[in-house]
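One letter stands for each residue in the lines below.
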Amino acid sequence: MKQYRVIGKSVPKKESWDKVSGRVKYIDDVQEVGTLHAKLVTSTHAHAKIGDIDTKEAWKVKGVRMIITGKDYPLLIGTTIKDRPLLAFEKVRYYGEPIAMVIADTEAIAIKASTLICVQYEPLPVVNSPEAAFQKDAPLVHENVEQYLIDESSGLTGTSGGIQPIPGTNIANIQGIRKGNIDRGFANCDVIVEEVFSFNQSDHTAIETRCADVEIKKTGEVIIHSASQEPFEMKDLISETFNIEEGKVLVNIPLVGGSFGAKTSVQLEPLAYVASKAVGGRRVRLRNSREEDIVTSPVHIGLHATVKMGCTNDGKLQALKLFFLFDGGAYAERSVPITKAAAFDSTGPYKINNVWCDSLCMYTNHPYVTDFRGFGRTEAAFGVERTMDIMAKKLGMDPLEFRLLNAIQPGDTSPTQVLLNKSNLGDITECLLQLKELMNWDRGQRIEISDRFVRTKGISCAWKNGDPPPGVGAGTILTFNKDGSINIISAAVEIGQGTKTVLTQMVAEKMNMSEDEVFIQMEVKTQDSPDNWETAASRTTFMSGNAVLKACDDAIRQLKRTASIVLKVPKDELEVANKKVFKRTDPSVSIDFSEIALGYIYPNGKVAGNQVVGRGTYMIPGLTEMNPVTGKGVQGPEWGVVAQGVEVEFDKRDNTFKLLRAVTVSDAGQILNYKGAETQITGAMNMGLSFATREGFIFDDEGKVLTTQFRSYKVMHFGEQPEYIVRFVENPVKGAPYGSRGLGEHGLMGMPSAVANSLSLAANVSLQKLPLTPEFIWKSRLEAGEVH
């Protein structure tokens, strides 16, 4: 690996001191005098016709400025299928769906008035799972899907080859994978296993709930402040939906207090816009309570998966057949691209020549869905990786050796039939070998501690391609201060992942200067920043990083041009370092950035050079549309691969367990910020363990979510985490900034299946549903006759 001055070092985040000292201002910390507050009235039914909405008592509350219902704005929005009403009219499709909105002087007044609005319902049959939604006689969540518009402008349809809801069903879309010949593949198999896996929808539990402020100026400008990952998509959607000139929609994104995918797609902002419009353009804030953030806003997708796997007696995988029924909830939104992405990388990092997959996005009467860390791969990996262990057990093989035997290699092809090489693939074999050592695998996978306690180890693998749509890109501007230091303007949103800091490292490395002399604008303003695709898919550093490097090249050209005139040295003999431009063969011949960056003028008034403004743009080349039937196409520039393991101590008497160690070995290409990468992976591992062992919505028979607060929706607390071990394999990616790969999501993707593999061995029963609570393990053991 090449050694760098700044790249690869553990540089503290630019915003760290402000965060730990409490000086950072998130959107809800800024209280502008005169701001009105909106509160939503939400459905108490999962599926029902809306009758009379009585607002008389609410209007009597002093301080209420306006009440809006769905009938006032009977329009449909959505970033894939335009199927979602701004406020429900005619009928509600999930528990917690917004029906009306109260705008008042204070949030307390708005809440009080909202509780006084009475809604009459006519209950309808509830579609309470993706399996139920798939049945031929299932009630329809949407009766006329063929009438909905497809949002071709979102970019989400381009990489997927189109979206096709099926009339008369609850199927919002189907994505297929057809590689090789599945029938011939199974005919060549000596051993075949077929299993079913599932988990319910869940929440992202970002520390900051969603929040949006909107103000409409007298000039017609719409000023939006939002906690979001998608400022430019928001700008486009508001402009298109409400017929406003794009230039008049100004979106401002401060630092965002966590997301994990929760704040992708446009959510509260259209509601805040109509609230502001209803009160004459005054600034209106719409802020979720924790309960609303869990239920009313979009959630993490659920899944019911059937996995059929076949191999030869010597352990060589021959065929894999997958049938995914994803719980997309009441509206298509981001569930469509998630279910597509799950199909694209459905095999995991294994060589399988015959693959058949149908990934269905199902409408249900559950909350609708947005991105979640891993974007479909975490979900698919749970079924595939559990089946890998089940197959290894049936073969009598060590599960780690079974994975090594089938690990995908350069020269193989992906499920989407892309030829793989060391650059675009990475090295899953090396990840597994390091995992083997770190897990002390040779000491045994199952160790009996006593008659009551047993320690077991489980492993898994995962991979992910960012699969952005064709035509997406990023832009960056560099400006200089009088002292020669540099400012970066980039629309990459800082959600805690450290991208802004990494971009400053790139500039410092390229310009041969200290990272302390490179500054970056933390807030994103669409009026000031070049257009940038959403901050998602582990693609931000890739795209924005390439744009930053091009901006550096542009700035260096300008600096050398001016310096060449002043120093009377040819441009190709000049170098840049330490805020100077100097002659390569005689560094004493030099000029400081501070003398030329803002322009150089001779004493006689002659101009030698103008202000330096570096400009860089980047668009990912080579992406294609993906065939909706076969999945064939180029979905993204590279895969990140990861091998993970979890060791648990299991109590056979009461079915409780303790997480002892969690290990991740990831091929992340060139590491840009070592401590930043390590903590990114660690945080993702913690999130994956929490999802695996305790998180998940509980629905009653009528589709009502019963886990609406942290008393009932459990997440992992500090002190409950195991020992975390993170290691990296570094195979640089051609065309990526400094050879880096995406890694922000990879620490999560294999954790649920690794825990399930470990606990299945400990409990001596196959665990195939999340979360893995002691109660569920006890029930599974009881059904299997392991306990009485």
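Preceding this section is the structure that the text describes.
Draft legend 1. Quick look at the overall build of the protein chain. Helices and strands together make up the secondary structure of the protein chain, namely 20 helices and 35 strands. Computed over the C-alpha atoms, the radius of gyration of the protein chain is 27 Å, within 12% of the 28 Å expected from 2.2 N^0.38 for a compact globule of 788 residues. Along the first, second and third principal axes, the C-alpha atoms of the protein chain reach 95 × 70 × 50 Å. Of the contacts formed within the protein chain by residues at least 6 apart in sequence, a portion of 79% connects residues at least 24 apart. Summing over all exposed atoms, the protein chain offers an accessible surface of approximately 29400 Å²; the carbon and sulfur share of this is 50%. In the protein chain, 89 positive and 96 negative side-chain charges are present, and the distance between their average locations comes to 3 Å.

Draft legend 2. Up close: empty space enclosed by the protein. In the structure shown here, the tally under the stated rule is six cavities of 30 Å³ or more. Of the voids in this model, the largest cavity is the one considered here, and its volume is about 150 Å³. As for the largest cavity, its lining consists of 17 residues, and the residues nearest its centre are Arg-84, Tyr-94, Pro-98, Leu-271 and Tyr-368. Tallied by class, residues from the lining of the largest cavity come to 12 nonpolar, three polar and two charged. The space that makes up the second largest cavity amounts to roughly 60 Å³. Taken together, Asp-345, Ser-346, Thr-347, Gly-348, Arg-377, Ala-380, Ala-381, Val-384, Glu-385, Cys-461, Ala-462 and Trp-463 make up the full set of residues lining the second largest cavity. Mapped by element, the contributors of at least two residues to the lining of the second largest cavity are α10 (377-395) and β21 (453-465). Among the elements that line the lining of the second largest cavity, the one with the most residues is α10, at five residues. Of the residues in the lining of the second largest cavity, the class split is six nonpolar, three polar and three charged.

Draft legend 3. Examining the sheet that holds strand β19 (residues 354-362) more closely. Ordered in space as β11-β19-β18-β17-β12-β35, the six strands form an open sheet in which the pairing is mixed. Only two strands of the sheet have a single partner each, and these edge strands are β11 (171-179) and β35 (769-770). Bridge count for strand β12 (residues 191-199) against strand β17 (residues 302-311) is nine bridges, and the pairing is antiparallel. Residue pairing across strands places Phe-197 opposite Ala-305, the latter belonging to β17. Strands β11, β18 (317-327) and β19 of the sheet are contacted by helix α9 (residues 335-344), whose axis makes an angle of about 15° with β11.

Draft legend 4. Main features of the sheet that holds strand β34 (residues 723-729). What the five strands build is an open sheet, ordered β20-β21-β32-β33-β34; its pairing is mixed. Unpaired on one side and paired on the other, β20 (446-448) and β34 mark the two borders of the sheet. Adjacent strand axes in the sheet meet at a mean angle of 15° when their direction is disregarded. Sheet analysis places strand β32 (residues 639-651) next to strand β33 (residues 657-667), joined by 10 bridges and oriented antiparallel. Bridge pairing links Val-641 to Asp-667 in β33.

Draft legend 5. Up close: the packing of α10 against helix α19 (residues 751-763). Contact pair α10 / α19: the axes reach a minimum separation of 8 Å and the direction vectors enclose 30°. One finds that α10 runs roughly parallel with respect to α19. Considering how the two elements wind past one another, α10 and α19 form a crossing that is right-handed. Taking contact as the criterion, the partners of Thr-378, Ala-381, Phe-382, Glu-385, Arg-386 and Asp-389 in α10 are, on α19, Pro-752, Ser-753, Ala-756, Asn-757 and Ser-760. For the contact of α10 with α19, a count of residues per class yields four nonpolar, four polar and three charged.

Draft legend 6. View of the nonpolar core. Ranked by internal contacts, the top residues of the largest apolar core, which has 102 residues, are Ile-428, Val-646 and Leu-759. The dominant element in this core, judged by the number of residues it contributes, is α10, at eight residues. Filtering out sequence-adjacent residues up to four positions away, Leu-759 remains in contact with Val-648, Phe-650, Phe-657, Leu-767, Leu-772 and Ile-777.

Draft legend 7. Focus on helix α11 (residues 399-406). With six of eight residues buried, α11 is to be regarded as a mostly interior element. All of the buried residues along α11 are Pro-399, Leu-400, Phe-402, Arg-403, Leu-404 and Asn-406. Two or three places before Leu-400, at the start of α11, stands the capping residue Asp-398, its side-chain oxygen 2.7 Å from that residue's backbone nitrogen.

Draft legend 8. Local environment of the packing of α11 against helix α13 (residues 428-438). Contact geometry for α11 and α13: axes closest at 10 Å, N-to-C directions at 165°. Taken together, the axis directions place α11 and α13 in an arrangement best described as roughly antiparallel. Relative to α13, α11 is oriented so that their crossing is left-handed. Touching Leu-400, Glu-401, Arg-403 and Leu-404 of α11 are Thr-429, Leu-432, Leu-433 and Lys-436, all from α13.

Draft legend 9. Structural detail: the pattern of salt bridges. This structure, assessed with the given rule, holds 49 salt bridges. Across the salt bridge formed by Glu-233 and Arg-334, the nearest N and O atoms sit 3.9 Å from each other. Linking Glu-233 in helix α6 (residues 231-242) with Arg-334 in the loop between β18 and α9, this pair joins segments that are 101 residues apart in sequence. Lys-779 is the partner of Glu-775 in a salt bridge, and the nearest nitrogen-oxygen pair spans 3.5 Å. Linking Glu-775 with Lys-779, this pair stays in helix α20 (residues 774-783), spanning four residues, or about one helical turn. The class of Lys-779 is partly exposed, set by a relative accessible area of 40%.

Here is what the cut-offs are and how they apply
- Numbering of residues starts from 1 in each chain and follows the order in which that chain's sequence is written.
- The model is predicted, so local features are restricted to residues of pLDDT at least 70 and side-chain atom pairs to those at 80 or more, both for listing and for counting; the totals for chains, interfaces and linings are taken over all residues.
- Note that the side-chain values use all heavy atoms of the structure and ignore hydrogens as well as water.
- A run of H or I in DSSP becomes a helix once it reaches four residues, and a run of E becomes a strand once it reaches two; helices and strands are each numbered from the N terminus.
- Computation of the radius of gyration draws on C-alpha atoms, with the globule rule given as 2.2 Å multiplied by the number of residues to the power 0.38.
- Contacts: residue pairs with any heavy atoms within 4.5 Å of one another.
- Here, Shrake-Rupley sampling with a 1.4 Å probe gives the accessible areas, and only protein chains in the shown set may cover a residue.
- Only four residue types enter the tally: Lys and Arg on the positive side, Asp and Glu on the negative side, with His and both chain ends excluded.
- Throughout, a charge is located at the NZ atom of Lys, the CZ atom of Arg, the CG atom of Asp or the CD atom of Glu.
- A pocket, in this scheme, is an open set of points on a 1 Å grid over the protein atoms alone with protein on both sides within 12 Å along at least 5 of 7 lines, while a cavity is a set where a 1.4 Å probe fits but cannot get out; residues line either one if an atom lies within 4 Å of a point.
- Grid points are joined across faces, edges and corners, and a volume is the space filled by probe spheres set on the points.
- Charged means Asp, Glu, Lys or Arg here, nonpolar means Ala, Val, Leu, Ile, Met, Phe, Trp, Tyr, Cys or Pro, and polar covers whatever is left, Gly included.
- The pairing criterion for strands is at least two bridges between them, as found by DSSP.
- Axis geometry follows a simple rule: fit a line to the C-alpha atoms, using only the stretch in contact for helices, then measure angles between N-to-C directions, giving values from 0 to 180 degrees.
- Each angle receives one of four descriptions, namely roughly parallel if under 35 degrees, roughly antiparallel if over 145, roughly perpendicular if within 65 to 115, and oblique otherwise.
- Should the near helix be turned anticlockwise from the far one by less than a right angle, the crossing is left-handed, and should it be turned clockwise, the crossing is right-handed.
- Only buried residues count toward a nonpolar core, which is a set of Ala, Val, Leu, Ile, Met, Phe, Trp, Tyr and Cys residues joined through side-chain atoms within 4.5 Å.
- Three labels apply to residues, based on accessible area from a 1.4 Å probe with only protein chains included: buried if under 20% of the type maximum, exposed if over 50%, partly exposed otherwise in between.
- Pairs of N or O atoms are called polar contacts if they sit within 3.5 Å, as long as, within protein, a hydrogen donor faces a hydrogen acceptor (for residues adjacent in sequence, only side-chain-to-side-chain pairs).
- Each reported salt bridge corresponds to a side-chain nitrogen of Lys or Arg within 4 Å of a carboxyl oxygen of Asp or Glu.

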